[in-house]
Amino acid sequence: MRFDVIWRGGRIATLDPRLGGLGVIEEGAVAARDGRVAFVGPLSELPGAGDAAEVVNVEGRWITPGLIDCHTHIVHAGNRAHEFELRLAGASYEEIARAGGGIASTVRATRLATEDELVATALPRLDRLIAEGVTTLEVKSGYGLERETEFRMLRAARRLALDRHVRVRTSYLGAHAWPPGESDRAGYLDEVCATIRELGESGLADAVDAFCEGIAFSVVETTQVFEAARAAGLPVKLHADQLSDLGGAALAARYGSLSADHLEYTSEGGAAAMAAAGTVAVLLPGAYYFIRETRLPPVGAFRRHAVPIAIATDCNPGSSPLTSLLLAMNMAATLFRLTVDEIIAGTTRVAAQALGISDEVGTIVPGKWCDLAIWDIERPAELVYRMGYNPLWRRVLAGRTDPV
Ligand code: NIG
Ligand code: FE
């Protein structure tokens, strides 16, 4: 029973739901073999007298699963600092979008960027996340709004996992906005559905996402996208009820969506439908903060109906230029009043569920990938309480520790 690596001498928040709370093991040990967790439990129960190629004493630190950022638009060109200034002068996010700015301006920049440029501009943002213990992130397309650029974005997203030691899940977001100048809505929707059929075969996208909103796609149009995804065998996700309640959460639930995201305007009925479907509520406090939304997501309703809650950065140039998942965690507490346990689960176990990869990552249990974040903290609340301070000590992906 020889292990590759053993981490010992610390406390482990396994996030194993069978243990309750954060699934804490005091005086614990984690052991990896072939990249997977081979043992986790009290050090006293470690089999094989602790025989391993490498033994790491974490000296009282905390070990959690590697963090998961389950909603990002990290691949894009340009930035929208100019629109930020317009908003400071009084314009709203919706007004800018309707005047041809917003998503459309990032689309113009992204269409002009090569695949290499998209990778090169995404890497510094990704490095910020990795430095905070993120081991898995989701990346959406949606700034091409035509076949070639959407594919280029998805290829760039996949390449991030070759250039950096990180897991990437991709979502095709062709239904993010109407292409600038598009008057033939039905024609564009047909193109999106055709792209989904192609993606079903290519393996370039792990899921299909859409933006169901007054300034984007209606419920009927989103339904057409979801039907195409179902036919292609791809799971769906949805930007739902961000600026108004179109019933997006219930629509997502009808399609067994992995997640519905944003959700500030979701109704009690929407929350109940999500619970019944097992759809995760992905809350994005960075976007709430940055567009100065005042309507809070219905956290009470999510709790009443036991809807699983995840937290993500929504890293994007327009509504959430945020490259710190730790800060998103703090905002989820201060702005949305989530508890520390909810937030840590929401960036590990539940975030994995929002990506449909719970069998592989998100908790420290035997058989899953040994993805860990090891923190210089006295108690888990420190991950949520600080603003702009990073207590990561080491990050481990598939049993391998990042070089220091
Ligand atoms: O998640 N809601 C729509 N999409 C993004 C915003 C993208 C943008 O403004 O560029 C979001 O907030
Ligand atoms: Fe988003």
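Predicted model, so just to flag it, every value in this text is computed and none were measured. (Residues numbered from 1 in each chain as written. Chains lettered and ligands numbered in written order. Predicted model: local features only at pLDDT ≥ 70, side-chain atom pairs only at ≥ 80, totals over all residues. Heavy atoms only, no water.)

The next subject is the overall build of the protein chain. The helix and strand tally for the protein chain stands at 15 helices and 16 strands. In terms of overall dimensions, the protein chain has a C-alpha envelope of 70 × 45 × 45 Å along the principal axes. A buried classification covers 58% of the 404 residues belonging to the protein chain. Considering only residue pairs separated by 6 or more positions, the protein chain has 72% of its internal contacts joining residues 24 or more positions apart. With an accessible surface of roughly 15,500 Å², the protein chain has 51% of that area assigned to carbon and sulfur atoms. (Helix = DSSP H or I, 4+ residues; strand = E, 2+ residues; numbered from the N terminus. Buried < 20%, exposed > 50% of the residue type's maximum accessible area, 1.4 Å probe, protein only. Contact = heavy atoms within 4.5 Å. Areas by Shrake-Rupley, 256 points an atom, 1.4 Å probe, with all protein chains shown as cover.)

This part is about the pattern of salt bridges. Applying the stated criterion across every chain yields a total of 23 salt bridges. For the salt bridge of arginine 111 with glutamate 146, the shortest nitrogen-to-oxygen distance reads 4.0 Å. With arginine 111 in helix H3 (residues 103-112) and glutamate 146 in the loop between strand E7 (134-140) and helix H5 (147-163), the pair connects residues that are 35 residues apart, well separated along the chain. Judged by relative accessible area, arginine 111 falls into the partly exposed class, the value being 31%. Looking at glutamate 146, the relative accessible area reads 23%, which means it is partly exposed. (Salt bridge = Lys/Arg side-chain N within 4 Å of Asp/Glu carboxyl O.)

Right, let's talk about a negative patch on the surface for a bit. A surface patch of negative charge is lined by Glu182, Asp184, Asp190 and Glu191. With respect to the secondary-structure elements, aspartate 184 resides in the loop between strand E8 (167-175) and helix H6 (185-202). With relative accessibility at 43%, the residue aspartate 184 sits in the partly exposed group. (Patch = residues over 30% accessible without salt bridge, like charges linked within 9 Å, V, L, I, M, F, W, Y side chains within 5 Å. Lys, Arg positive; Asp, Glu negative; His and termini not counted. Charge placed at Lys NZ, Arg CZ, Asp CG, Glu CD.)

The iron ion (ligand 2) binds to the protein through His71 (NE2), His73 (NE2), His239 (NE2) and Asp314 (OD), with metal-donor distances spanning 2.1 to 2.4 Å. Since its relative accessible area comes to 0%, histidine 71 is described here as buried. Residue class for histidine 239 comes out buried when judged on its relative accessible area of 3%. (Donors = N, O, S within 2.8 Å, 3.2 Å for Na, K, Ca; no water.)

In short, geometric facts, not functional conclusions.
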